[in-house]
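Each chain is listed here by its residues.
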Amino acid sequence: MKTSIVILTHNKLDYTKQCIESIRQYTREGTYEIIVVDNRSTDGTVEWLQSQKDIRTIFNAKNVGFPKGCNQGIQIAEGENILLLNNDVVVTKHWLDHLLACLYSADDIGAVGPVTNSAAYYSTIPVRYTSIDEMHEFASQHNVLDPNKWEERLKLIGFCLLIKKEAIEKVGLLDERFTPGNFEDDDYSVRLRQAGYRLMLCNDTFVHHYGSVSWKDDSSGYSKLLRENQKKFEKKWGVDIDAYTIDLEMLSRVGMDHHRAINVLHIGCGAGATLLKIKHEYPQAALYGVEQNAFAIKEAQRYAYVACDLDDTQIKKQMFDLILYSSRTIPLDDHLLCFVVEHLKQDGQFLAHVQNTGYVQLLEQLIVGRNPFTGGDFYSLGQLEDLFKSHSLSMSITGLLSPENDMKHRLVDHLKVLYGEKVQFLLAAKSFLVCANKQKTNIRELIGDFVSKKDRHQILEQLNDISITEVVATIRNMNEAVELLNELAIENFAQGNHEHVLPYLQAAFELCSDDTDTLYNLAFVLNSYGEKELANHYLSLIRQPDGEVKKLFEEINEQSLKKAQQLAFLLRRLEFDIDVEETKQSLVNQLARGEINEQLIKEVIETSIIHKVKVLQAIAITCFEQGLYEQVLPYLQLAYVQEPENIDTLYNLGYVLLTYGEYGLAKVFLEKIRHPDKEVLQLLEIAKEESLRHE
């Protein structure tokens, strides 16, 4: 079986070479052909392609764009499969074999794609590599064939898209209305599914993608093109592109056993992308949706029961473990919450993702005379809190930041001056995620008994048997919530229930970040747990510290001050050559036992030492001689920052780095010595030889 790999080029020869060389290296010989369609390159790409004997080529007299170019390649392809591949992709070990294994695992699979480091539509995974060699090492470990990692998707991205040729013959070529490119892959995904094919993302197959290199030279033009082609897609299919969103933020809050047979309802399910993700994560789930766009309903009905409103007979028969809400057409109101209360199981979850009315970028648009509140429902924090108070649901709200959010913003700064720091949370959140559960009927009664000081020990035992999240969610909607959360925390602390202390104090802090009692209690408790740095942080937030606050500060920092004073005494002895060997040994012993650390040494040297470089060098050399190798470079680096041209520091850095096998770096520092003596030159020669030998 042969796969025809179709690649489009328009300049960017270096990327094209990397791409094709990786195909040759990591794809079994005889299983593929390479077809390159060049869109009038002018950087030597044409000449290079003409010199390659194993590549079939088409040279266009003008740039015909991505869809048409791909269609040209597809039309001359001889393989049973067509693989559309961007020229800025570097393929990896087993890549094509794995994709083919998934593609032919079922007759109704029409196309598959890999995961990568940079691409749209949730096809990226976290990576840490910093070079192509490291990337291939990462990929060789990642690319282990595992059908459990194949995931059905509504859309696949065209940077690396493997399609059965029989599917192309049935569906047709790419739609050239999307020329010069973008959204032709979204469109083709829809067409493939309409023809009865499934699309699969292969999470067991990784390739590297540099990402849109052909467009980087014209970012503003690229953004304009995206908007225009999005409109073309939406007009063609009669559906908003947001209908294909996978709401990973909501799904990350679902706390259910993945092997349970759960009933799930998504209100505002769009084309069903989030439901499809749930199907992958919870294979035993029964899926239901409510959606009002006719085309989106048709899309989602392939794997879920989807109705156009909540009054549907089949929907009303169900009790749900999980109800999701992300609609822009069905309002989050009393009617909907009544439905939720009636149809949510006692231990079920309700999650709602809504847009924040107070988001700073919306306010900016209002100020300049625009109306941003179109195309969907928006909610304020207070509006949501008031809405949920009238229903028996325990609720918590998280603000979700926009990826491009920048809180160094003049409007935010002005509003913070007027309304305090708390307003930043309201302005920074582009949207809110509401998490709610049915209230346990006894939580409010237990809290009432606690307030009235009835047998607190017994009441705390009962409250501590209930999820802290549920208790906090109930208290949030009560008067004097901050005081009550503090009281619960301190009572638990007094009774030794330490796992229940910080969660209540943290909840109180989230409700009011400048409440003096909360800040003091956090500092007191954290100090008792040995978290002195955090305790100091919370104390520093108290705007008008009284005597009790100052007393706690002195208590927290008494030992640290003594330790700093003792260290300053030792370092001064080192500075002025007093009992040097004894002083060095004392320092090394304290470092080895973890009694002092780099940060403390740095602070003491900065505030108490005159000859800083001398002392830093002495500490570094002592650590090196005593075998504390991880301690050496930090102090030499600090000395280098203080005096970059100090000969002793440069020599010591060169010597130590050479010892550690960092030959190139050692050479760099040794070469900085302006007038090297014989010893320096000998060491530099060794560094150069070793550096060349290890290149």
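None of these values were measured; they are calculated from a predicted model.

Visitor: I'd like a rundown of the overall build of the chain, residues and numbers included.
Guide: Counting its secondary structure elements, the chain contains 32 helices and 18 strands. The dimensions of the chain, computed from C-alpha atoms along their principal axes, are 85 × 85 × 50 Å. Burial statistics for the chain: of 695 residues in total, 51% are counted as buried. Excluding contacts between residues fewer than 6 apart, the proportion of contacts in the chain whose partners are at least 24 apart in sequence is 71%. Side-chain charges of the chain comprise 72 positive and 101 negative groups, with the mean position of each set lying 5 Å from the other.

Visitor: Report on helix 20 (residues 468-476), specifying residues and quantitative values.
Guide: Among all positions of helix 20, only Glu470, Val471, Val472, Ala473, Thr474 and Ile475 are buried. Contact partners of the buried residues in helix 20: strand 17 (393-401), strand 18 (429-438), helix 18 (443-451), helix 19 (456-464), helix 21 (481-494) and helix 22 (501-511).

Visitor: Please provide a residue-by-residue account of the state of the cysteines, values included.
Guide: This structure, assessed with the given rule, holds 0 disulfides. Cysteine Cys202 remains unbridged, with the sulfur of Cys102 as its closest cysteine sulfur at 3.7 Å. The exposure class of Cys202 is buried, given its relative accessible area of 0%.

Visitor: I'd like a rundown of the sheet that holds strand 4 (residues 81-85), residues and numbers included.
Guide: Strand order in the open sheet formed by 8 strands is 3-2-1-4-8-6-9-7, with mixed pairing between adjacent strands. Only two strands of the sheet have a single neighbouring strand rather than two, namely strand 3 (55-60) and strand 7 (150-153). Strand-to-strand, the axes of this sheet are offset by a mean angle of 25°, without reference to chain direction. Where strand 6 (residues 109-115) and strand 8 (residues 160-164) come together, 2 bridges link them in antiparallel fashion. Within strand 8, the position partnered with Val112 by the bridge is Leu162.

Visitor: Please provide a residue-by-residue account of the packing of aromatic side chains, values included.
Guide: A full pass over the atoms with the stated rule returns 21 aromatic pairs. Note on Phe138 and Phe206: the rings are 5.0 Å apart at their centroids and 80° apart in plane angle, and the pair reads as edge-to-face. In this pair, Phe138 is assigned in helix 5 (residues 132-142) and Phe206 in strand 9 (residues 198-206), connecting sequence segments 68 residues apart. Overall, Phe138 belongs to the partly exposed group, its relative accessible area being 24%. With relative accessibility at 0%, the residue Phe206 sits in the buried group. Among the aromatic side chains, those forming a connected cluster through ring pairs are Phe624, Tyr629, Tyr651, Tyr655 and Tyr660. Over the ring of Tyr104 we find Lys164; its NZ or CZ atom is 5.0 Å from the centre of that ring. Directly above the aromatic system of Phe450 lies the positively charged group of Arg456, at a separation of 3.9 Å from the ring centroid.

Visitor: Let's hear about the nonpolar core: which residues, and what values?
Guide: Ile23, Leu85, Trp95, Tyr244 and Ile278 are the most contacted members of the largest nonpolar core, which totals 72 residues. With 6 residues, the single largest contributor to this core is helix 4 (residues 95-103). Not counting chain neighbours up to four residues away, the residues in contact with Ile278 comprise Leu251, Val264, Ala285, Leu287, Leu322 and Leu324. Judged by nonpolar contacts, the second largest core, of 44 residues, contains Val615, Tyr651, Leu670 and Ala687.

Visitor: Any chance you could break down the pattern of salt bridges for me, citing the residues and the numbers?
Guide: Across all of its chains, the model carries 29 salt bridges by this definition. For Lys277, the salt bridge goes to Glu151, with nearest N and O atoms at 3.1 Å. In this pair, Lys277 is assigned in helix 10 (residues 273-281) and Glu151 in strand 7, connecting sequence segments 126 residues apart. Considered together, Lys277 and Glu151 belong to a single accessibility category, that of buried residues. The closest approach of N and O atoms between Arg573 and Asp579, which form a salt bridge, is 2.5 Å. Look at the salt bridges and you will find they share partners, linking Asp175, Arg177, Asp187, Arg191 and Lys236 into a network.

Visitor: An account of helix 31 (residues 663-670) is needed here, citing residue identities and associated values.
Guide: Within helix 31 the residues assigned to the buried category are Tyr663, Ala666, Phe669 and Leu670. Down the axis of helix 31, the buried set is contained in an arc of 125°. They therefore lie on one face. In this fold, the buried residues of helix 31 make contact with helix 29 (632-642), helix 30 (647-659) and helix 32 (678-693).

Visitor: Which residues make up unusual backbone geometry, and what are the values?
Guide: Between Thr179 and the following residue, Pro180, the backbone shows a cis peptide bond with an omega angle of 10°. By the secondary structure assignment, Pro180 is in the loop between helix 6 (165-171) and helix 7 (184-194). The phi dihedral of Asn11 falls on the positive side, at around 65°, and the residue is not glycine. Summarising the element assignment, Asn11 is placed in the loop between strand 1 (3-9) and helix 1 (13-26).

Visitor: Describe in detail the packing of helix 21 against helix 23 (residues 516-528), supporting the description with residues and values.
Guide: Two elements in contact, helix 21 and helix 23, have axes separated by 10 Å at closest approach and are oriented at 20°. On the basis of their axis angle, the class for helix 21 and helix 23 is roughly parallel. Handedness of the crossing formed by helix 21 with helix 23: left-handed. Contacts between helix 21 and helix 23 involve Val482, Asn486, Ile490 and Phe493 from the first element and Asp517, Thr518, Asn521, Phe524, Val525 and Ser528 from the second. When its residues are assigned to classes, the contact of helix 21 with helix 23 shows 5 nonpolar, 4 polar and 1 charged.

Visitor: An account of the environment of Gly196 is requested, with residue identities and associated values reported.
Guide: Along the chain, Gly196 turns up in the loop between helix 7 and strand 9. Put simply, Gly196 and Glu645 are 449 residues apart on the chain and 71 Å apart in space, counted from C-alpha to C-alpha.

Rules behind the numbers
Residues numbered from 1 in each chain as written. Predicted model: local features only at pLDDT ≥ 70, side-chain atom pairs only at ≥ 80, totals over all residues. Heavy atoms only, no water. Helix = DSSP H or I, 4+ residues; strand = E, 2+ residues; numbered from the N terminus. Buried < 20%, exposed > 50% of the residue type's maximum accessible area, 1.4 Å probe, protein only. Contact = heavy atoms within 4.5 Å. Lys, Arg positive; Asp, Glu negative; His and termini not counted. Charge placed at Lys NZ, Arg CZ, Asp CG, Glu CD. Disulfide = S-S within 2.5 Å. Pairing = 2+ DSSP bridges. Axes fitted to C-alpha atoms, helices over the stretch in contact; angles between N-to-C directions. Phe/Tyr/Trp six-rings, centres within 6.5 Å; stacked < 30°, edge-to-face > 60°. Lys NZ or Arg CZ within 6 Å of the ring centre and 35° of its normal. Core = buried A, V, L, I, M, F, W, Y, C linked by side-chain atoms within 4.5 Å. Salt bridge = Lys/Arg side-chain N within 4 Å of Asp/Glu carboxyl O. Arc of directions from axis to C-beta. Parallel < 35°, antiparallel > 145°, perpendicular 65-115°, else oblique. Left-handed = near helix turned anticlockwise from the far one by under 90°. Nonpolar A, V, L, I, M, F, W, Y, C, P; charged D, E, K, R; others polar.

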